[in-house]
Amino acid sequence: MSRNAKINTLLLLVVAALAVLPLVLGLGDHKEEPFAGADGEAEAAITEIAPDYEPWFSPLYEPPSGEIESALFSLQAALGAGVLAYYFGLRKGRRQGEARAGAKPPATPSGDE
């Protein structure tokens, strides 16, 4: 097994452990919504500290259900990942093109020797 394959396998195991361990260890069992986002956690903390707090802004669009909100968040994440993948692919392609152009011997015009 090559060094890169070992590193990739190790990274895959770490990601799998990060996904499975919170579920196995029961983290968040004491909460009503165990895996709610940071926004909900912050709202609960602010309400606990200052019950009469008034938010400065309200959302521009409030989705009708949590499922639609999750779908929009997933769409946003997918678009962001697509933009990043396009950017890194473009950079790699340009680098490979420059390497190929630099590796070719310079073409001499025929008959001008």
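Quick notes on the rules
Residues numbered from 1 in each chain as written. Predicted model: local features only at pLDDT ≥ 70, side-chain atom pairs only at ≥ 80, totals over all residues. Heavy atoms only, no water. Helix = DSSP H or I, 4+ residues; strand = E, 2+ residues; numbered from the N terminus. Buried < 20%, exposed > 50% of the residue type's maximum accessible area, 1.4 Å probe, protein only. Areas by Shrake-Rupley, 256 points an atom, 1.4 Å probe, with all protein chains shown as cover. Patch = residues over 30% accessible without salt bridge, like charges linked within 9 Å, V, L, I, M, F, W, Y side chains within 5 Å. Salt bridge = Lys/Arg side-chain N within 4 Å of Asp/Glu carboxyl O. Lys, Arg positive; Asp, Glu negative; His and termini not counted. Charge placed at Lys NZ, Arg CZ, Asp CG, Glu CD. Phe/Tyr/Trp six-rings, centres within 6.5 Å; stacked < 30°, edge-to-face > 60°.

**Student:** When you look at the overall build of the chain in this model, what are you seeing that I'm missing?
**Tutor:** Within the chain, the secondary structure is distributed over three helices and zero strands. The N-to-C order of helical and strand elements in the chain reads α-α-α. Every one of the 113 residues in the chain was classed for burial, and the buried ones make up 2%. If you sum the accessible surface of the chain, you get close to 10700 Å²; carbon and sulfur atoms cover 64% of it.

**Student:** Just to check I follow, could you spell out a negative patch on the surface for this structure?
**Tutor:** On the surface, a cluster of negative charge is contributed by Asp 39, Glu 43, Glu 62 and Glu 69. As for its position among the elements, Asp 39 is in helix α2 (residues 38-49).

**Student:** How do you make sense of a nonpolar patch on the surface when you look at a structure like this?
**Tutor:** A cluster of nonpolar side chains, Leu 60, Tyr 61, Ile 68, Leu 72, Leu 75 and Leu 79, forms an exposed patch at the surface whose accessible area comes to about 680 Å². Here Tyr 61 lies in the loop between α2 and α3 (66-103).

**Student:** What should I look at first to understand the packing of aromatic side chains in this one?
**Tutor:** Note on aromatic pairs: each is described by the distance of the centres and the angle between the planes. Under the definition given, this model contains one aromatic pair. With a centroid separation of 5.3 Å and 65° between ring planes, the pair formed by Tyr 87 and Phe 88 is classed as edge-to-face. Note on Tyr 87: relative accessible area 41%, which makes it partly exposed.

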